[in-house]
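Close look at the chain arrangement
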Amino acid sequence: MKKTHDCGILKAANIGETVCLSGWIQGRRDHGGIIFVDLRDRTGIVQVVFDCERNKEIFHLAEALRSEYVLSVSGEVKPRDPETVNPKIPTGEVEVFVREFTILNPSKTPPIYVEDDIDVDENLRLRYRYLDLRRPEMQKKLFMRHKIIKKIRDYLDDQGFWEVETPVLTRSTPEGARDYLVPSRIRAGSFYALPQSPQLFKQLLMVAGTEKYFQIARCFRDEDLRADRQPEFTQLDMELSFVETDDILSLIESLVQYIYHEALGIELTIPFPRMPYREAMERYGSDKPDLRFSLEIKEVSDLVSDCQFKVFTGALKKGGVVRGINAKGAAFSRKDVDDLTEFCIQLGAKGLAWFMVGTEGLKSPLLKFFTEERLEQLSSQMEAEAGDVLFFVADAQEKAEDILGHLRNHLAGKMNLVKEEENRFLWVVDFPLLSYDPEEKRYVANHHPFTSPRDEDINLLNTEPLKARAKAYDLVLNGLEVGGGSIRIHRRELQEKMFELLGFTTEEAYEQFGFLLQAFEYGTPPHGGIALGLDRLIMLMLGASSIREVIPFPKTASGSCLLTDAPAPVAENQLDELFIRLQLPEDEEEI
RNA sequence: GGAGCUGUGGUGUAGCGGUUAACAUGCCGGCCUGUCAAGCCGGAGAUCGCGGGUUCAAUCCCCGUCAGCUCCGCCA
């Protein structure tokens, strides 16, 4: 028997047809003389009927059917009596009277329910992922992921991009995240690294004249996991020649607008707003601000510089700042405020100053440190009204920004301010090119060593390198970074200057990046690119709360796969072939 | 590396220093010809994550450990 129709598509128009359906048994209702079975495939569910009176033999065979058996049935599509129509399912007007059927495979009783809205330990879902993925909501996520990526390919193909594959076994380069290493059998003692991104190859493709490149690229970073971070993940990686920042931003805006329209039917307004990094940090305390709520951070250093509160004045004397957030109308209890203080302390704050705004003025243990006039100015600066609670952090600028940024997000959750249905895209631009690493006592590239400074900031590299801004940009959606890229350096002198600032000698630079620097000597077009984190983007597009929901076979927080039990020990002869001897911490099992 | 939360029949929960460990659902059997969360009757199913400690007595309290989740560090 060959499947002639999908289960989920049968409707009144099919009445009278003889069909063959194949799928899984969603459920069975045995009434003694008649058995109803819901047959499910990836398109949906249809009711098939085994009737004692019509076919006694088939009916008795059907008594053995159970959930999740794989079943093939053939029979006639019949209309249901009006009073037995099921309006809850699309196929509810019809049912199939079974003439014959085959059990293609029986099933043990599944450990999780194959249905939507299950409340089950994620452990079990991951261990039995193949059952979890049978659930309609997961099938939909798989399908939507396919569809979004298909639309990306369609769009970029239409724009003249070539999809090019780059190696997965490549070489380890310094900077960036920890590499996953793969030992070489043929060259003893040497290792490949799995790519953190195809960065260097896509730049080489620009030298190679590809001009417009993209790839749906798997990337690997051996770092700890988060709800929005897995050690292996998928990027839409792109690189273009003869472009500047605006070309890339508007291309991505159109692409994102296209896939939202095509895949979700949602119309996005472009261009997306653009915000300099500095402004994002000052107003939101984050380089990936969530714009679905306001709660902006306010500067109050000037207003508190002459107060008696030593925590404030002390921070200012050390060159720090005092900044605050107004939790509008929050009307927090003392307990809430204590919890929030604890939250900030966990993040490294020394404390959290607060003022409750009542109808009769401010309430706070800190009132005595301030003059009436200053309190009034403070209230006005913070736009305080009765019911508000004002919070202040005094610390070094970067730290204060960071803590307030986290507090802002936390408050939004606690106060239920996040407009979940909104899609607030934002470009954050003008990132600082470099930061200073006090441990290594050198500058480090914020993006990567090939990121170009802004033309007008090139001279700053000689005088105040930390003030130089990069031609780098991040795409932010609802408080998550969903993409980032830059215009690259394509001129040799500037690249050498960068390496010099990063503390590489010419020899070291050639040792690590010689192949790229050499390529750059053979006619390199100006170029730039971007990579979008597809798992995150798809997660947000589908309203999922974790990246794991849109990855078919994800890893757990400790990097293991509960389905295959990877990572796992290997046989000794495998290690021998690779010239590897294990040196495990004490008390570890012998492998 | 650090902090927090969670762990009880297959599944989801309740419980409590001494219980026959409760409920729902699922599963098995029986009855039942129009259900679609079918219904009714009966039954099986748990060494309460693991190890140690306190105690006359531990699923419950303490310590450790493992696993999962969230966050910090890390990661663009």
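Residues numbered from 1 in each chain as written. Chains lettered and ligands numbered in written order. Predicted model: local features only at pLDDT ≥ 70, side-chain atom pairs only at ≥ 80, totals over all residues. Heavy atoms only, no water.

On to the overall build of chain A. The secondary structure content of chain A amounts to 17 helices and 22 strands. In terms of principal-axis extent, the alpha carbons of chain A reach across some 95 × 75 × 60 Å. Within chain A, buried positions represent 47% of all 591 residues. Restricting the contact set of chain A to residue pairs at least 6 apart, pairs at least 24 apart contribute 67%. For chain A, the computed accessible surface area is about 30,600 Å², with 49% contributed by carbon and sulfur atoms. Put simply, chain A has 73 plus and 99 minus side-chain charges, and the middle of one group is 1 Å from the middle of the other. (Helix = DSSP H or I, 4+ residues; strand = E, 2+ residues; numbered from the N terminus. Buried < 20%, exposed > 50% of the residue type's maximum accessible area, 1.4 Å probe, protein only. Contact = heavy atoms within 4.5 Å. Areas by Shrake-Rupley, 256 points an atom, 1.4 Å probe, with all protein chains shown as cover. Lys, Arg positive; Asp, Glu negative; His and termini not counted. Charge placed at Lys NZ, Arg CZ, Asp CG, Glu CD.)

Attention now moves to the pairing of strand E22 (residues 527-533). Burial analysis of E22 places seven of its seven residues in the buried class, which makes it a mostly covered element. On E22, burial covers both faces: His-527, Gly-529, Ala-531 and Gly-533 on one face and Gly-528, Ile-530 and Leu-532 on the other are all buried. Pairing analysis gives five bridges linking strand E21 (residues 480-487) to E22, with the strands arranged antiparallel. Considered in E22, the bridge of Ser-486 is made with Gly-529. (Pairing = 2+ DSSP bridges.)

If a strand is regular, its side chains alternate between the two faces of the sheet. Most of strand E14 (residues 353-358) sits inside the fold, with five of its six residues counted as buried. The pairing of E14 with strand E16 (residues 389-395) spans four bridges and is antiparallel. Bridge pairing links Phe-355 to Leu-390 in E16. Hairpin geometry of E14 and strand E15 (residues 361-363) is characterised by an intervening segment of two residues between the two adjacent antiparallel strands.

Our next topic: the protein's contact with RNA strand B. Within the structure, RNA strand B sits among 48 residues, and Arg-29, Glu-53, Thr-84, Glu-223 and Ala-557 are positioned closest to it. Those atoms of RNA strand B that come within 4 Å of the protein belong to sugar or phosphate at a rate of 55%. Within the side chain of Tyr-113, one N or O atom sits 2.7 Å away from a base nitrogen of RNA strand B. Note that a phosphate oxygen of RNA strand B is positioned 3.1 Å from one of the backbone N or O atoms of Ala-177. Taken together, the elements giving at least two residues each to the surface near RNA strand B come down to strand E1 (18-30), strand E2 (34-41), strand E3 (44-51), strand E5 (94-105) and helix H2 (122-127). Taken together, the residues that form the surface near RNA strand B break down as 13 nonpolar, 17 polar and 18 charged. (Near = heavy atom within 4 Å. Polar contact = N/O pair within 3.5 Å; in protein donor to acceptor, adjacent residues only side chain to side chain. Nonpolar A, V, L, I, M, F, W, Y, C, P; charged D, E, K, R; others polar.)

Take the environment of Ser-254 next. You can see Ser-254 is positioned in helix H6 (residues 245-264). Owing to a relative accessible area of 23%, Ser-254 belongs among the partly exposed residues under this scheme. Residues Ser-254 and Thr-269 lie 15 residues apart in sequence; the distance between their C-alpha atoms is 9.7 Å. The contacts of Ser-254, once residues within four sequence positions are left out, are Tyr-155 and Ile-270.

Just distances and angles here, no functional claims.
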